[in-house]
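Descriptive analysis of the structure
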Amino acid sequence: MTPDHLRTALTERMTEQGTKWLAGACASVTTDPGVVRGLFPLVGRRCGRGPLDPADPHGWTVDDAARSLLLAAMPLAGAALLEEIGELYRTGDAAERRAVLRALPLLPVGDGGLPLVRDALRTNDTRLIAAALGDYATDHLDADTYRQGVLKCVFTGIPLAALPGLPGRADAEMARMMAAFAHERTAAGRDVPDDIGPVLALFPDVAMPGHRDLQDVSTATTDRRSPREA
């Protein structure tokens, strides 16, 4: 998502009154970034809270998008920006924390937002976990933590389709972890989530040996080529 994409999506999901309020709020934080702390909690009530895409319950919400635009409007960078978003994350409710995570790819923070991502991945809040594994994590999160986050999505029922960078970040070790998980589930007579199939399909030589029972796991290919074929 880019600020322009968010603005376009919001035009169809916000009232005229909400649009005017957000424009005024963005203008205010451009002049005085400190006012964001008072405006941030008001966004849901002023702009709305429904899904930005009604077909994607694990995706962006209207308040995610509006809060992200508010943060992107602040003329801050580096340590000052990290201090501000860190405070908003620490003191915010779940929706406010999720918005900070969603906004990270839009902000000039480099690797500085990773502590917030790691904190979210330690929770059991599925909306925070899904938000934490967005575009920012795709670009900045280390391989081991990313793998563990993906596996946590499988455990908590978050569709892997909600992770935009997964095809490019999947590797042989992730496939091995998914195969072991699937083997344990089938051995226990439990269902295996269908959406791990594309990850297994990228690395069949890693995933399948020793696990005949994985032959029944759907291995529909993704739109992306295997990293070994790129």
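Here, every reference points to the structure presented above.
Please read all numbers here as calculations on a predicted model, not as lab measurements.

The next subject is the packing of aromatic side chains. Inspection of the entire model under this criterion finds one aromatic pair. A cation over a ring is seen here: Arg97 above Tyr89, with NZ or CZ 5.0 Å from the ring centre. Residue placement shows Arg169 over the ring face of Tyr146; its charged tip is 4.5 Å from the ring centre.

So, on to the layout of surface pockets. Looking at the largest pocket, its volume works out to about 280 Å³. Of all elements in the fold, only α7 (94-103), α9 (126-132) and α10 (135-140) reach the threshold of two or more residues within the lining of the largest pocket. Residue composition of the lining of the largest pocket, grouped by class: 16 nonpolar, three polar and three charged. Residue assignment places the lining of the largest pocket across two domains, with domain 1 (3-141) and domain 2 (142-230) each supplying three or more.

Turning to the packing of helix α6 (residues 78-91) against α7, a few remarks are in order. Between two packed helices, the angle of one axis relative to the other and the distance separating the axes together describe the packing. In contact at an axis separation of 7 Å, α6 and α7 are set at 150 degrees when each is read in the N-to-C sense. Helix-helix and strand crossings are classified by hand; for α6 and α7 the assignment is left-handed. Together, Ile85, Leu88, Tyr89 and Arg90 of α6 and Arg97, Val100 and Leu101 of α7 make up the contact between the two elements. Across the contact of α6 with α7, the residue classes tally to five nonpolar, no polar and two charged.

The full count for this structure, using the stated rule, is 13 salt bridges. Of the charged contacts in the structure, one is a salt bridge between Asp64 and Arg98, with a shortest N-O distance of 2.9 Å. Remark: Arg98 occurs in helix α7 and Asp64 occurs in helix α5 (residues 62-72); sequence separation between them is 34 residues. Residue Asp64 shares its accessibility class with Arg98, and that shared class is buried. A salt bridge links Arg90 to Glu87; the nearest nitrogen and oxygen atoms lie 3.3 Å apart. You can see Arg90 and its partner Glu87 sitting in helix α6, three residues apart, about one turn around the helix. Looking at Arg90, the relative accessible area reads 53%, which means it is exposed. Of the residues examined, Glu87 reaches a relative accessible area of 26% and is grouped as partly exposed. Connected through shared salt-bridge partners, Asp63, Asp64, Arg67, Arg98 and Arg102 make up one network.

Under the 1.5 Å per step criterion, the end-to-end length of helix α2 (residues 16-31) is 23 Å for 16 residues, consistent within 8% with the ideal 22 Å. Taken together, the buried positions of α2 are Gly18, Trp21, Leu22, Ala25, Cys26 and Val29. Buried residues of α2, seen end-on, are gathered within an arc of 135 degrees and therefore sit on one face of the element. Exposed side chains of α2 directed beyond 90 degrees from the buried face belong to Glu16, Gln17, Lys20 and Thr31.

Mapped onto the fold, Asp139 is located in helix α10. The exposure class assigned to Asp139 is exposed, which follows from its relative accessible area of 62%. For the pair Asp139 and Arg169, spaced 30 residues apart in the sequence, the C-alpha separation amounts to 9.2 Å.

As for its placement among the helices and strands, Leu107 is situated in the loop between α7 and α8 (114-121). Judged by its relative accessible area of 9%, Leu107 falls in the buried class. Along the sequence, Leu107 and Ser68 sit 39 residues apart, while their C-alpha atoms lie 9.1 Å from each other. In this structure Leu107 touches Leu71, Ala72, Leu81 and Ile85, once residues within four positions along its chain are discounted.

Analysis parameters
Residues numbered from 1 in each chain as written. Predicted model: local features only at pLDDT ≥ 70, side-chain atom pairs only at ≥ 80, totals over all residues. Heavy atoms only, no water. Phe/Tyr/Trp six-rings, centres within 6.5 Å; stacked < 30°, edge-to-face > 60°. Lys NZ or Arg CZ within 6 Å of the ring centre and 35° of its normal. 1 Å grid on protein atoms, 1.4 Å probe; cavity = no way out; pocket = protein on both sides within 12 Å on 5 of 7 lines; lining within 4 Å. Points joined across faces, edges and corners; volume = space filled by probe spheres on them. Helix = DSSP H or I, 4+ residues; strand = E, 2+ residues; numbered from the N terminus. Nonpolar A, V, L, I, M, F, W, Y, C, P; charged D, E, K, R; others polar. Domains from an automatic or database assignment. Axes fitted to C-alpha atoms, helices over the stretch in contact; angles between N-to-C directions. Left-handed = near helix turned anticlockwise from the far one by under 90°. Contact = heavy atoms within 4.5 Å. Salt bridge = Lys/Arg side-chain N within 4 Å of Asp/Glu carboxyl O. Buried < 20%, exposed > 50% of the residue type's maximum accessible area, 1.4 Å probe, protein only. Expected span 1.5 Å × (residues − 1). Arc of directions from axis to C-beta.

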